[in-house]
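# Structural overview
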Amino acid sequence: MSTLTVLNHPLIDHKMAIIRDKNTGSKEFRESVSEIGMLITYEISRNFKTIPINLETPMQKTTGYILAKPVVIVPILRAGLGMVDGIHKIIPTAKIGHVGFYRDEETLLPVEYFSKFPKNITKSTVLVVDPMLATGGSASATISLLKKRNVKDIRFIAIVGCPEGVKKLQEDHPDVAIYLAAMDARLDEKGYIVPGLGDCGDRLFGTK
Ligand code: PRP
Ligand code: URA
């Protein structure tokens, strides 16, 4: 079974309170989603492997440590885009792949409409990012798409999850670690997470 880590950090909790609040405006919502993406990634990158390199400071020769593998961020469109800037700020060398899924409103099943990945993706650490892990359909389908392309090192990062989505992801992809800023109670009858934060894509992009 894959590991589930729910980040427990005062700064993340503080920003979670901002994005959950229905009175938060779109500027602060966007900024906070991006910052939460950055904070989660900072926490979970602790176990990224590094390799030693020789370098020279202004004083003398020494050893530095750099990331052993390239990192690729794969946001699930649209809402995943909201987390990319924040992650890119702390891993500026990361390349970006894009996967487009929308949920059919009747069946709640993910429908693919776009995918484009950087060339080096198979040898990279791939961070699949989407603020919402609801039924788990979009996340699971995205990870399947990456596995078909022979990607081995995949980690999934979301902001809000729920037991239904975690269960599906752990069943479909037991090898993929899941990281959440918060684990909520359940899904409602329309497939929305409660208490959640509403429709993340609409709040990010002002489409409702
Ligand atoms: C939302 C969200 C996830 C998906 C989660 O996207 O951003 O991608 O739903 O639901 P699931 O776990 O049940 O698949 P949505 O389909 O609303 O598209 P959008 O990001 O373009 O708004
Ligand atoms: N997508 C969202 O944006 N919010 C939810 O609560 C569930 C899916």
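Turning our eyes to something else, we now look at helix H5 (residues 163–172). The α-helix advances 3.6 residues per turn, and as a result positions three or four apart in sequence lie on the same side. Within H5 the residues assigned to the buried category are Gly165, Val166, Leu169 and Gln170. One side of H5 holds all its buried residues, which, seen down the axis, span an arc of 125°. Those residues of H5 that are exposed and aimed more than 90 degrees away from the buried face are Lys167 and Glu171. Packed against the buried residues of H5 are strand E1 (4–6), strand E9 (132–133), helix H4 (137–148), strand E10 (153–161) and strand E11 (177–183).

What follows is about the packing of aromatic side chains. Scanning the model with the defined rule gives one aromatic pair in all. Geometrically, the ring pair formed by Tyr102 and Tyr113 is tilted, given 6.1 Å between the ring centres and 35° between the ring planes. Highlighted residues: Tyr102 in strand E6 (residues 98–103) and Tyr113 in strand E7 (residues 110–116), separated in sequence by 11 residues. Classification of Tyr102 as partly exposed rests on a relative accessible area of 43%. Lying across the ring of Tyr192, Arg103 places its NZ or CZ 5.8 Å from the centre.

Now for the site of ligand 1. Around ligand 1, the structure places 14 residues, and the nearest of them are Arg78, Arg103, Asp130, Thr135 and Ser138. Here Thr135 contributes a side-chain N or O atom positioned 2.5 Å from an oxygen atom of ligand 1. Here ligand 1 has 500 Å² of accessible area as a free molecule, and 90% of this is covered by the chains. Taken together, the elements giving at least two residues each to the shell around ligand 1 come down to E6, E9 and H4. The class makeup of the residues in the shell around ligand 1 is six nonpolar, five polar and three charged.

Glancing now at helix H1 (residues 10–20). Of the residues making up H1, those classed as buried are Ile12, Lys15, Met16, Ile18 and Ile19. For H1, the arc enclosing every buried residue in end-on projection is 160°, short of the 170-degree limit, so these residues lie on one face. Every exposed residue of H1 that faces more than 90 degrees away from the buried side is listed here: Pro10 and His14. Those residues of H1 hidden inside the fold are in contact with helix H2 (26–44), E10, E11 and helix H6 (200–205).

Before going further, it helps to examine the site of ligand 2. In the vicinity of ligand 2, the contacting residues are Arg103, Met132, Ala134, Gly191, Tyr192, Ile193, Gly198, Asp199 and Cys200. Here an oxygen atom of ligand 2 and a backbone polar atom of Ile193 are 2.8 Å apart. In the model, a nitrogen atom of ligand 2 is placed 2.9 Å from a nitrogen or oxygen of the Gly198 main chain. More than half of the atoms of ligand 2 fall within 2 Å of the grid points belonging to the largest pocket.

Now for the layout of surface pockets. Taken as a whole, the largest pocket holds about 800 Å³ of empty space. Along its surface, the largest pocket is lined by 31 residues, and Tyr102, Arg103, Tyr192, Asp199 and Gly201 are the ones closest to its centre. Taken together, the elements giving at least two residues each to the lining of the largest pocket come down to strand E4 (71–77), E6, E9, H4 and H6. By residue class, the composition of the lining of the largest pocket is 15 nonpolar, seven polar and nine charged.

Reading the values: rules and limits
Residues numbered from 1 in each chain as written. Chains lettered and ligands numbered in written order. Predicted model: local features only at pLDDT ≥ 70, side-chain atom pairs only at ≥ 80, totals over all residues. Heavy atoms only, no water. Buried < 20%, exposed > 50% of the residue type's maximum accessible area, 1.4 Å probe, protein only. Helix = DSSP H or I, 4+ residues; strand = E, 2+ residues; numbered from the N terminus. Arc of directions from axis to C-beta. Contact = heavy atoms within 4.5 Å. Phe/Tyr/Trp six-rings, centres within 6.5 Å; stacked < 30°, edge-to-face > 60°. Lys NZ or Arg CZ within 6 Å of the ring centre and 35° of its normal. Near = heavy atom within 4 Å. Polar contact = N/O pair within 3.5 Å; in protein donor to acceptor, adjacent residues only side chain to side chain. Areas by Shrake-Rupley, 256 points an atom, 1.4 Å probe, with all protein chains shown as cover. Nonpolar A, V, L, I, M, F, W, Y, C, P; charged D, E, K, R; others polar. 1 Å grid on protein atoms, 1.4 Å probe; cavity = no way out; pocket = protein on both sides within 12 Å on 5 of 7 lines; lining within 4 Å. Sits in = over half its atoms within 2 Å of the grid points. Points joined across faces, edges and corners; volume = space filled by probe spheres on them.

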